[in-house]
Number of protein chains: 2
Amino acid sequence: MKKRLTLKLIAKELDVSISTVSKALRDSAEISEDTRQKIKAFAKLYNYKPNNIALSLKNRKSKTIGVIIPEIVHHYFTTVISGIEQVANEKGYHVIICTSNNSFDKEVINMEILANGSTDGFILSVAKETQQKGDYHHLTEVIEQGMPLVMFDRVIEEINCDKVIIDDTLGAKKAVQHLVNLGCKKIGLISTIDYVSVGKLRTQGYLEALSENNLELNESLILKVDDFDQSEEEISRFLSDKSMDAVFAVNEHFAIYAIKAFKEQGLDVPKDVSVIAFTDGELSKRFIPSLTTINQHGEEMGAQAARLLIKKLENDDSEDEPFETIIIETGLVERNSTKR
Amino acid sequence: MKKRLTLKLIAKELDVSISTVSKALRDSAEISEDTRQKIKAFAKLYNYKPNNIALSLKNRKSKTIGVIIPEIVHHYFTTVISGIEQVANEKGYHVIICTSNNSFDKEVINMEILANGSTDGFILSVAKETQQKGDYHHLTEVIEQGMPLVMFDRVIEEINCDKVIIDDTLGAKKAVQHLVNLGCKKIGLISTIDYVSVGKLRTQGYLEALSENNLELNESLILKVDDFDQSEEEISRFLSDKSMDAVFAVNEHFAIYAIKAFKEQGLDVPKDVSVIAFTDGELSKRFIPSLTTINQHGEEMGAQAARLLIKKLENDDSEDEPFETIIIETGLVERNSTKR
DNA sequence: TTGTAAGCGTTATCAC
DNA sequence: GTGATAACGCTTACAA
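- Chain A has the name LacI family transcriptional regulator in an unreviewed UniProt entry, where Gillisia hiemivivida is given as its organism.

Quick word on the protein's contact with DNA strand C
Then, number 1: Near DNA strand C there are 27 residues, and of these Tyr-48 of chain A together with Ser-19, Thr-20, Lys-23 and Thr-35 of chain B occur at the shortest range.
Then, number 2: When the atoms of DNA strand C within 4 Å of the protein are grouped by moiety, sugar and phosphate amount to 62% of the total.
Then, number 3: In the model, a phosphate oxygen of DNA strand C is placed 3.0 Å from a nitrogen or oxygen of the Asn-51 of chain A main chain.
Then, number 4: At 2.9 Å from a phosphate oxygen of DNA strand C is found a main-chain nitrogen or oxygen belonging to Ser-32 of chain B.
Then, number 5: Where the surface near DNA strand C is concerned, the elements lending two or more residues are helix H1 (7-14), helix H2 (18-25) and helix H4 (52-59) of chain A together with helix H2 (18-25) and helix H4 (52-59) of chain B.
Then, number 6: At four residues, the largest contribution of residues to the surface near DNA strand C is made by H2 of chain A.

Examining the relation of the copies chain A and chain B
Then, number 1: The operation relating chain A to chain B is a screw motion whose rotation component is 180°, with 0.1 Å of axial translation and a residual RMSD of 0.1 Å. When the rotation and shift are considered jointly, the pair of chain copies conforms to a two-fold rotation axis. Among all residues of chain A, the one whose C-alpha sits closest to the rotation axis is Ile-96 of chain A, at a distance of 2.3 Å.
Then, number 2: In this assembly, 100% of the residues forming the interface of chain A have copies in chain B that are likewise at the interface, indicating an isologous arrangement.

Quick notes on the side chain of Ser-274 of chain B
All names here are of chain B.
Then, number 1: On the secondary structure map, Ser-274 appears in strand S9 (residues 274-278).
Then, number 2: For Ser-274, a relative accessible area of 0% translates into the label buried.
Then, number 3: Filtering out sequence-adjacent residues up to four positions away, Ser-274 remains in contact with Leu-179, Leu-182, Cys-184, Asp-245, Ala-246, Val-247, Ser-337, Thr-338 and Lys-339.

Some remarks on the protein's contact with DNA strand D
Then, number 1: Taken together, 26 residues lie near DNA strand D, and Thr-20, Lys-23 and Thr-35 of chain A together with Leu-7 and Tyr-48 of chain B sit nearest.
Then, number 2: The contact atoms of DNA strand D, taken as those within 4 Å of the protein, divide so that sugar and phosphate hold 62%.
Then, number 3: Taking Glu-30 of chain A, its side chain carries an N or O atom lying 3.1 Å from a base oxygen of DNA strand D.
Then, number 4: Measuring from a phosphate oxygen of DNA strand D, one finds a backbone N or O atom of Leu-7 of chain B at 2.7 Å.
Then, number 5: Every element with two or more residues in the surface near DNA strand D is listed here: H2 and H4 of chain A together with helix H1 (7-14), H2 and H4 of chain B.
Then, number 6: Tallying contributions element by element places H2 of chain B first for the surface near DNA strand D, with four residues.

Quick look at the interface of chain A and chain B
Then, number 1: Taken together, the contacts link 52 residues of chain A with 52 residues of chain B.
Then, number 2: Contact between chain A and chain B buries roughly 4,700 Å² in total, counting both sides, with carbon and sulfur atoms accounting for 56%.
Then, number 3: Looking only at chain A, the three residues that lose the most surface to chain B are Ile-53, Asn-116 and Arg-286 of chain A, adding up to 15% of its buried area.
Then, number 4: Linking chain A to chain B there are four salt bridges.
Then, number 5: For the salt bridge of Glu-112 of chain B with Lys-49 of chain A, the shortest nitrogen-to-oxygen distance reads 3.7 Å.
Then, number 6: On inspection of chain A and its partner chain B, the count reaches 13 residue pairs in polar contact (both at pLDDT 80 or more).
Then, number 7: Sorting the residues of the side of chain A that touches chain B by element identifies H4, helix H5 (75-90), strand S2 (94-99), helix H6 (104-118), helix H8 (137-144), helix H12 (252-264) and helix H13 (282-286) of chain A as the ones contributing at least two each.
Then, number 8: When the residues that make up the side of chain A that touches chain B are grouped by side-chain class, the tally is 19 nonpolar, 17 polar and 16 charged.

What counts and how
Residues numbered from 1 in each chain as written. Chains lettered and ligands numbered in written order. Predicted model: local features only at pLDDT ≥ 70, side-chain atom pairs only at ≥ 80, totals over all residues. Heavy atoms only, no water. Near = heavy atom within 4 Å. Polar contact = N/O pair within 3.5 Å; in protein donor to acceptor, adjacent residues only side chain to side chain. Helix = DSSP H or I, 4+ residues; strand = E, 2+ residues; numbered from the N terminus. Least-squares fit on C-alpha atoms with pLDDT ≥ 70 in both. Contact = heavy atoms within 4.5 Å. Buried < 20%, exposed > 50% of the residue type's maximum accessible area, 1.4 Å probe, protein only. Buried area = accessible area lost by both parts, 1.4 Å probe. Salt bridge = Lys/Arg side-chain N within 4 Å of Asp/Glu carboxyl O. Nonpolar A, V, L, I, M, F, W, Y, C, P; charged D, E, K, R; others polar.

Right, dumping it as structure tokens:
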């Protein structure tokens, strides 16, 4: 096992002082051309690389970004990470990813650990449990310590920090408007219960779209799924005997369950019923029929979040900079689950 | 902005020496009950947390694991990460994830950066480009420096390190055997070109299964997809006029394209043709018909890899321990794309 | 029982 | 042009 080369070792080997080596390697003009060459050659030959940890300690910054997300086995979040990574690497930052598994405790612990020097700032999408609990002390603490925090997707309004979100309400409106434009009149909604903020917002968009088009609101056409594991049956039950001509689902999975349920009722999508979903993932593309969706542009969200964070990190007097909220525009991806 | 509390600050505040504080906080018997209480109370009150970076520097270990994967937007890899994280966190390790994007250069750079103190060891699945290139200097270097390395999924035989793999050949055999058991005789294969080791191994399993069942090998029933982006058309072309009664695809996507192609030919899956796929993902579950697959147990792979690595990390004389190769057993998940 | 000092690997300041 | 020294935050012999 080869020992890692340090400045000290080089210095000893070349019989100069540590500071000379340090300066030579950083091309300081103080050092004579001669020694500089010699030292650099030696360092190169033995493949010297400075120790990041020592640098972090010295500079009091780690050049790394901590990302905390609710789940990793989730297409949308991986696209966000991908966007974060690209921008971060471009600007010389690493990324540490931790998952909260939607647990409040794990979110808190992860933040605490990373905040102890490992990370210069955070990009975070809060855990479901945190949203329910309404306990945000870990977030405020980190902010008070002067660590920049950027929240994305599932954000907390009361927390003062940069945010990157999509306009869920507008996206939902777009979806419903698309259905209306196709001539649909009896449009169902499959959403989640309201403490999940996106569920609430998308429901609101649905309502607004209806009213803007002078369509009557019919509460019996709205389903709020409580338990994801039971959702397939819930949806199937909900969809029977409602004679809708379209359904707007707040995610791919609900949309697919809806399509299955319709099929079982002998209805064809899109001939008899149109289905549109929020969230554009692998499933939407491949399913038959492929799904018309509202795209959330995860990669762009990640990229923007990283840019916001790095801007704060590299701005010395970011203290008095105001916080920004970037709204990513959603896009309609027209495929085969809505008729033309 | 609150400043982070350090031992030094506590010492000054309480008018004791730094080492007294350090010892007190670590419950050293050297310190009197009195001062210990006082110091601990103060630390607790002001929420002292030791600085990880300083600890890393001091202990010359970071208690973090570097994970390098080809892509993050990929269901299988996320399940592996999930497994790694669980075990790692349990044992007090963090996880840094980097993606190589299947680029050799990015893989090398990531490893170099992480190797400079950020990480105690690596878990890695090699980039496609690295496999093609056959240049493994970054791997051997890291090993020579005494950093344990565990490879998973896409491993390199020549490299001496712990490995976690699935038995691709056996898995493929299982798949084909399943088809044979269902009475299929003319079984096609949709694979990738051979430099991707899994493509090669799974192809081999296919061949072995055929010969074990005394089925004739027909080269025209084998497709090796070169360009993923073109695969849909390639597969569709390949499948026309072959009159197979079954297809084994080395991943979900190929299987789905196959099903689509069959449909367009007016054939029903599974009534007319059976389709089975390697890799069990989201798509397999939700697609209609749902896919019969060979499950790779990504989470378990990740967990095992993490266990192997941590074992090496915590074993002082791991130097002379032999390297292990753990083989994860694949499982057949029977769903609707194969007839009964 | 408490404190001093060296060291982890680096850089910046200042002296020679 | 080169080197000694202090500092980043922490632990740990060793001294007092």
